[in-house]
Amino acid sequence: MKLIQLIRAAAIALACATAAHAQSPAPITLRFGHVVQPGHPISLGAQKLAEILNTRSNGRIKLMELGGGSIGGEAQQLSAVQGGVQDITLPSATIMGGVIKEFTLLDIPFSFNSAQQVDALLQGPFGQLLMSRLPDKGMVGLDFWETGFRNFTNSRKPIVNVEDLKGLKLRVIPNPLFLDSFAALGTNPAPMPFPELYGALESRAMDAQENPFSVVLTSKFYEVQKYLSVTNHVYTANPVVISRKTWEKLSPADQQLVKAAVQEAGAFQRQTSREASTVARKELESKMQVNDVPPATLARMRELTKPVGEKFAASYDQSVVKVYRAELEKVHASVK
């Protein structure tokens, strides 16, 4: 009798353990792609995100970082996320404009005086409005990370006057707003995927490029460019997007966990990016000839590019443009 009872108890225990195991959430690996090199703040942000996800999920949710453009340029990765082939990426707002053109309102030159102004805009109604447009395009927006303020480098001469830009073969992000803005400054802009840029600068197929300090440093553009001219002409935001197909496979609890982790890592990433920018500039000053472009020249650049921004804004969804302008005005009035 005791033997039968023991057998029954063991069978019940085994059944309960099997059921519990069957009901436990399956392990998840999220493929996170980007185009920058190790050490860049975006890569550091990805590593922070991997750490948070691992801790919060007790090791069940892992992040696979695929950096350096190893799986394609920004546009290619964005397409892969839309199709569900890749899980997460964070293209520039410029590249995102190829899917939802209103994202490129963020690319209108000389719109911001500080990173804090950008934060106020993107964490408010305008940023939320942009993100709300993504599910119809096969993606879900999780947060805004950053590459930061962009500056010119070239192999010819320092940029002191607008005339110094004339005729430079300038690589730009493949986007009409960038093309027209830099054409208005007198350059010969040419679109090119980021992974091809170093080789083009090295061969002198391109004279110049524009990117934040951290990108110039981690991509070693100082090896093939002599001059760096500080303009802070455009701030590059990087919306972190997850494939809608991936998102819908996650449980509501995992969706909440992933979004909270991306936002926590985003706060770290933006702070790291801004600290790295200061450090990167100092290091670049020992490798390149660096100059601050005079305020009068910056004012002239703003004047030349303003009609371009107005032209593109006129072709966008005016309900979005209205929110953008209203929120930007508030930001300029309240944030330095």
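All residue numbers here refer to positions counted from 1 along the written sequence of the relevant chain. This being a predicted model, a pLDDT of at least 70 is required before a residue's local features are given, and a value of 80 or more before pairs of side-chain atoms are given or counted; all residues contribute to the totals for chains, interfaces and linings. Excluded from the side-chain calculation are hydrogens and water; included are all heavy atoms of the structure.

(A) Molecular detail of the packing of aromatic side chains. Any Phe, Tyr or Trp ring, taking Trp's six-membered ring, that has another such ring centre within 6.5 Å forms a pair; planes under 30 degrees apart are called stacked, those over 60 apart edge-to-face, and the others tilted. Summed over the entire model, instances satisfying the criterion amount to eight aromatic pairs. Aromatic side chains F112 and Y235 sit 6.4 Å apart centroid to centroid with 70 degrees between the ring planes, which places their arrangement in the edge-to-face category. Pair noted here: F112 is in the loop between helix 4 (93–96) and helix 5 (115–122) and Y235 is in strand 10 (residues 235–243), with a separation of 123 residues, a long-range link. Taken together through their ring pairs, the aromatic side chains of F112, F149 and Y235 make up a single cluster. Two conditions define a charge sitting above a ring: the NZ of Lys or the CZ of Arg must be within 6 Å of the ring centre, and it must be within 35 degrees of the ring normal. Sitting above the plane of the F268 ring, K48 keeps its charged end 5.3 Å from the centroid. For the cation-ring pair, K287 lies above Y222, with the distance from its terminal atom to the ring centre recorded as 4.8 Å. Secondary structure counts use DSSP, requiring at least four H or I residues in a row for a helix and at least two E residues in a row for a strand, with both numbered from the N terminus.

(B) Here's a closer look at the pattern of salt bridges. The rule for a salt bridge is simple: a side-chain nitrogen of Lys or Arg has to be within 4 Å of a carboxyl oxygen of Asp or Glu. A complete count under the given rule lists 18 salt bridges for this structure. Across the pair D317 and R133 runs a salt bridge whose closest N-O atoms are separated by 3.3 Å. Note that D317 is positioned in the loop between helix 12 (295–314) and helix 13 (318–334) and R133 in the loop between helix 6 (125–132) and strand 4 (139–149), a separation of 184 residues in sequence. Look at D317 and you get partly exposed, because its relative accessible area is 29%. Classification of residues uses two cut-offs on accessible area relative to the type maximum, computed with a 1.4 Å probe and protein chains only: under 20% is buried, over 50% is exposed, and between them is partly exposed. Its relative accessible area of 28% is what places R133 among the partly exposed residues. Note that R281 is salt-bridged to D292, the shortest N-O span being 3.0 Å. Placement of R281 in helix 11 (residues 252–284) and of D292 in strand 11 (residues 289–292) is noted, with a sequence separation of eleven residues between them.

(C) Region of the structure containing the pairing of strand 6 (residues 169–172). Strand pairing follows a simple DSSP-based rule, namely that at least 2 bridges must link the two strands. Examined bridge by bridge, strand 6 and strand 7 (residues 188–191) share four bridges and lie parallel to one another. Within strand 7, the position partnered with K169 by the bridge is N188. Looking down the strands as they point away from the viewer, one classifies a crossover as right-handed if the path from the first strand across the helix to the second runs clockwise. On the question of chirality, the crossover connecting strand 6 to the parallel strand 7 by way of helix 7 (residues 176–184) is right-handed.

(D) Geometry of the confidence of the model for the protein chain. Predictor confidence is given residue by residue as pLDDT, running from a minimum of 0 to a maximum of 100. The pLDDT averaged across the protein chain works out to 92; a share of 93% of its residues lies at or above 70. Confidence drops under pLDDT 50 across residues 15–22; counting only partners more than four residues distant or on other chains, this segment forms zero contacts. Here, two residues are considered to be in contact whenever any of their heavy atoms come within 4.5 Å of each other.

(E) Representation of the sheet that holds strand 1 (residues 28–33) within the structure. Spatially, five strands are ordered 2-1-3-10-4 in an open sheet, and the strand pairing comes out mixed. Sheet topology places strand 2 (61–66) and strand 4 at the edges, where each strand pairs with a single neighbour. Those strands touched by helix 2 (residues 41–56) are strand 1, strand 2, strand 4 and strand 10, and its axis lies near 165 degrees from that of strand 2. A fitted line through C-alpha atoms represents every axis, and for helices the fit uses only the stretch in contact; the resulting angles, taken between N-to-C directions, go from 0 to 180 degrees. Most of the contacts of helix 11 go to strand 4, to which it runs at about 5 degrees, and overall it touches strand 1, strand 2, strand 4 and strand 10.

(F) Looking closely at helix 3 (residues 74–83). Taken together, the buried positions of helix 3 are occupied by E74, Q77, L78, A80 and V81. Projected onto a plane normal to the axis of helix 3, the buried residues spread over an arc of 160 degrees and lie on a single side. Looking at the buried side of helix 3, the elements it contacts are strand 1, strand 3 (88–89), helix 4, strand 4 and strand 10. Looking one or two residues past helix 3, G84 carries a phi angle of roughly 85 degrees, positive in sign. Comment: arc refers to directions from the helix axis out to C-beta atoms.

(G) Spatial organisation of the packing of helix 2 against helix 11. The interhelical angle for the contact between helix 2 and helix 11, taken along N-to-C directions, is 150 degrees, at an axis separation of 8 Å. For the crossing formed where helix 2 meets helix 11, the hand is right-handed. The segment helix 2 lies against helix 11, with P41, I42, L44, G45, K48, L49, I52, L53 and R56 engaging L257, V258, A261, V262, E264, A265, F268, Q269, T272, S273 and A276. In this count, Pro and Cys sit with the nonpolar residues alongside Ala, Val, Leu, Ile, Met, Phe, Trp and Tyr, while Asp, Glu, Lys and Arg are called charged and the others, Gly among them, polar. Each residue belonging to the contact of helix 2 with helix 11 can be placed in one class, and the counts come to 13 nonpolar, four polar and three charged. By convention the crossing between two helices is left-handed if the near helix lies anticlockwise of the far one by an angle smaller than a right angle, and right-handed if it lies clockwise.

(H) Summary view of helix 13. Expected span of a helix, by definition, is 1.5 Å for each gap between consecutive residues, and there is one gap fewer than residues. With 17 residues, helix 13 should reach 24 Å at 1.5 Å per residue; the first-to-last C-alpha distance of 24 Å fits that figure. Taken as a whole, helix 13 has its buried residues at V320, V321, Y324, E327, L328 and V331. End-on view of helix 13: buried residues confined to an arc of 140 degrees, all on one side of the axis. More than 90 degrees from the buried face of helix 13, the exposed residues found are K322, E329, K330, A333 and S334.

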